[in-house]
Amino acid sequence: MSENENNKSSNKMWGGRFGSGPDAIMEEINASIDFDKKLYAQDIEGSMAHAQMLADNGIISAEDREKIAHGLNTILSEIEDDTFQYSRALEDIHMNVEARLRDLIGPAAGRLHTARSRNDQVALDFRMWVRAELTKNVTHLEKLISAFVGLAEEHVDTVMPGFTHLQTAQPVTFGHHCMAYVEMFARDRTRMLDCIDRLNECPLGAAALAGTGFDTNRHQVAETLGFREPTRNSLDSVSDRDFALEFLSNASICATHMSRFAEELVIWSTPQFNFVRMSDSFSTGSSIMPQKKNPDAAELVRAKTGRINGANISLLTVMKGLPLAYSKDMQEDKEPVFDAAESLELAILALTGMVSDMHINKDAMRAAAGSGFSTATDLADWLVREAGLPFRDAHHVTGAAVAMAEERNIELHELSLEDLQGLNASITKEIFSVLTVDASVNSRKSYGGTAPEQVRKQIAHWQKHNWV
Ligand code: ARG
């Protein structure tokens, strides 16, 4: 044993059987206080509920509970006032709080840890933290969805090209495009609510892994902390982090949705597209090219997705090889979740700001909607409906019309009736009525289609929810 090690005293919380303290590097790798101090409020709330239950069941005295509660409240204020002294030697938030409690109230502090372990304590704190994040993001998503519904309402009749493969496909309305994102974010919202519902079981009282011999009341603690019920299996309680994985998966999916719209904004705000102008508050200029206005916020929303996906993979990888029950590996669950949560919240808020604040260039959208032979499908559909052609034949005739227009560098509606009749004799002048962008869009009245009357129905559906 080196002299260095001999000089260190063993950990005062668990060092009973240890002759000396940890090596400096051990302390460095072992301590989580630098990040898990984020859990302080949940840790204290959990301890309050636990102490109350211990006292109510005669496991500690009412007097000790009183002291514990008082001490915990003092610690809460110290942390919130930024006067609390965190110590790395005390590893994590749980032991930092408990050690301070001992300074404040003496030996009664040692009774708080009866019938629990840090394993169920951390499982509880982290669950409550994730639950709060999910709840917050549900509200953020409601605002984002409302912003999209508002934009859709303004633009039920605004036509734009609909794309597949980012090639002009068929004209759509911008309102319809916005409502597509409403559907996505509304599913993200319910995914968050489902996740809250599934994680809403209280792990405290599972103790280290096997439960406890003390006559505890886990239902009471669960109820005090706003859980539906206690977790049913003590081994599962301390060893799974699927609630965090589910949060991260939901975050990944939601971020992916946001990233797709962000990508569209990046493309649409180029001078070549000019469909949108981002507001000054969500763009930046270039220090060298004075003409530039860069869609930085949209780019960052797109990039945050990478971080969030990374967090998801990190935690999946940490968990995949762990035998039951707790292993210290699980301490690595927090940083990816904290980072992803911060990124997710920022991205939702930034996107909401951008959507509420951007200018839509209807003229550019309309001009683009009418180019690129966007009504070719309408021509083919007319041949099916009015001339009785099988769709495949109609497709062929339309292809020939597109080739002819392309060669002459004109749009489909600029071809003459004679030109069209040369391709198929049954064509009449009525065909021109379906070749305009508005006719095309108005005709797509199938349920969920892009016609303004359908988009209005979609909007009405969401406006029935009291949070829109
Ligand atoms: N800081 C630890 C964590 O985050 C708390 C649980 C420690 N449990 C233990 N048996 N060492 O996972």
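Conventions we followed
- Residues numbered from 1 in each chain as written.
- Predicted model: local features only at pLDDT ≥ 70, side-chain atom pairs only at ≥ 80, totals over all residues.
- Heavy atoms only, no water.
- Helix = DSSP H or I, 4+ residues; strand = E, 2+ residues; numbered from the N terminus.
- Contact = heavy atoms within 4.5 Å.
- Areas by Shrake-Rupley, 256 points an atom, 1.4 Å probe, with all protein chains shown as cover.
- Lys, Arg positive; Asp, Glu negative; His and termini not counted.
- Charge placed at Lys NZ, Arg CZ, Asp CG, Glu CD.
- Near = heavy atom within 4 Å.
- Polar contact = N/O pair within 3.5 Å; in protein donor to acceptor, adjacent residues only side chain to side chain.
- Nonpolar A, V, L, I, M, F, W, Y, C, P; charged D, E, K, R; others polar.
- Pairing = 2+ DSSP bridges.
- Axes fitted to C-alpha atoms, helices over the stretch in contact; angles between N-to-C directions.
- Left-handed = near helix turned anticlockwise from the far one by under 90°.
- pLDDT = per-residue confidence, 0-100.
- Phe/Tyr/Trp six-rings, centres within 6.5 Å; stacked < 30°, edge-to-face > 60°.
- Buried < 20%, exposed > 50% of the residue type's maximum accessible area, 1.4 Å probe, protein only.
- Salt bridge = Lys/Arg side-chain N within 4 Å of Asp/Glu carboxyl O.
- Patch = residues over 30% accessible without salt bridge, like charges linked within 9 Å, V, L, I, M, F, W, Y side chains within 5 Å.
- Disulfide = S-S within 2.5 Å.

## Describing the overall build of the chain
Right, so step 1: Counting its secondary structure elements, the chain contains 19 helices and eight strands.
Right, so step 2: Seen through its C-alpha atoms, the chain measures out along the principal axes to roughly 100 × 50 × 40 Å.
Right, so step 3: Sequence-distant contacts in the chain: of pairs separated by 6 or more residues, those separated by 24 or more amount to 73%.
Right, so step 4: Approximately 22,300 Å² of the chain is accessible, and the part contributed by carbon and sulfur atoms is 51%.
Right, so step 5: Positive and negative side-chain charges of the chain, numbering 46 and 67 respectively, have mean locations separated by a distance of 2 Å.

## Side note on the site of the ligand
Right, so step 1: Taken together, S32, D36, D92, H94, R118, N119, V122, Y326, Q331 and K334 form the complete shell of residues around the ligand.
Right, so step 2: Between the ligand and the protein, one listed contact pairs a nitrogen atom with a side-chain N or O atom of S32 at 3.4 Å.
Right, so step 3: Contacts to the ligand include Q331, whose side-chain N or O atom sits 2.8 Å from a nitrogen atom.
Right, so step 4: Protein contact buries 86% of the 340 Å² of open area that the ligand shows by itself.
Right, so step 5: When the residues that make up the shell around the ligand are grouped by side-chain class, the tally is two nonpolar, four polar and four charged.

## Topic: the pairing of strand β2 (residues 167-173)
Right, so step 1: Note: strand β1 (residues 159-164) against β2, six bridges, orientation antiparallel. Across the sheet, residue G162 finds its bridge partner in β2, namely Q170.

## As for the packing of helix α8 (residues 174-199) against helix α19 (residues 452-463)
Right, so step 1: α19 packs onto α8 with a crossing angle of 30° between their chain directions and a minimal axis gap of 10 Å. Note that α8 runs across α19; the crossing there is left-handed. Where α8 approaches α19, its residues G175, H176, M179, V182, E183 and A186 are matched on the opposing element by V455, Q458, I459 and W462.
Right, so step 2: Within the contact of α8 with α19, the residues separate by chemical class into six nonpolar, three polar and one charged.

## Let's talk about unusual backbone geometry
Right, so step 1: That bond from L324 to A325 is cis: its omega, 5°, falls within 30 degrees of zero.
Right, so step 2: With respect to the helices and strands, the residue A325 is situated in the loop between α12 (296-319) and α13 (334-357).
Right, so step 3: The backbone phi angle of L166 is positive, close to 60°, even though this residue is not glycine.
Right, so step 4: Within the element layout of this structure, L166 appears in the loop between β1 and β2.
Right, so step 5: For N274, which is not glycine, the phi torsion reads 60° and is therefore positive.

## Description of the side chain of R444
Right, so step 1: Tracing the chain through its elements places R444 in the loop between α18 (437-443) and α19.
Right, so step 2: Setting aside anything within four residues of it in sequence, one finds R444 in contact with Q170, T377, D378, D381, G449, T450, A451 and Q454.

## Here's the deal with the confidence of the model for the chain
Right, so step 1: When pLDDT is averaged across the chain, the result is 95; 98% of the residues are at 70 or more.
Right, so step 2: In this model residues 1-7 is a low-confidence stretch, pLDDT under 50, and it forms five contacts with partners more than four residues away in sequence or in other chains.

## Observations regarding the packing of aromatic side chains
Right, so step 1: All chains considered together, the criterion is met by 15 aromatic pairs.
Right, so step 2: Consider the rings of F148 and F185, whose centres lie 5.7 Å apart with planes at 35°: the pair is tilted. Separated by 37 residues along the polypeptide, F148 in helix α7 (residues 118-154) and F185 in helix α8 bring together distant segments of the chain. Exposure class is identical for F148 and F185. Each is buried.

## Some remarks on the pattern of salt bridges
Right, so step 1: Tallied over the entire structure, the rule returns 30 salt bridges.
Right, so step 2: Taking the shortest distance from any N to any O, the salt bridge between R241 and D333 comes out at 2.7 Å. Linking R241 in the loop between α10 (234-239) and α11 (242-268) with D333 in the loop between α12 and α13, this pair joins segments that are 92 residues apart in sequence.
Right, so step 3: Taking the relative accessible area as the measure of exposure, R241 reaches 1% and is therefore buried.
Right, so step 4: Measuring nitrogen to oxygen at the nearest pair gives 3.8 Å for the salt bridge that ties R385 to E386.

## Digging into the environment of I29
Right, so step 1: Tracing the backbone through its elements, the reader meets I29 in helix α2 (residues 24-30).
Right, so step 2: Relative accessible area serves as the criterion here: at 65%, I29 is assigned to the exposed category.
Right, so step 3: C-alpha of I29 to C-alpha of S371: the two residues are 342 residues apart in sequence and 61 Å apart in space.

## Points about a nonpolar patch on the surface
Right, so step 1: A cluster of nonpolar side chains, L209, L235 and L324, forms an exposed patch at the surface whose accessible area comes to about 280 Å².
Right, so step 2: With respect to the element layout, L324 can be found in the loop between α12 and α13.

## Details of the state of the cysteines
Right, so step 1: A complete count under the given rule lists zero disulfides for this structure.
Right, so step 2: Looking at C178, it has no disulfide partner, and the nearest cysteine sulfur is the one in C254, 17 Å off.
Right, so step 3: Given the relative accessible area of 0%, C178 is considered buried.

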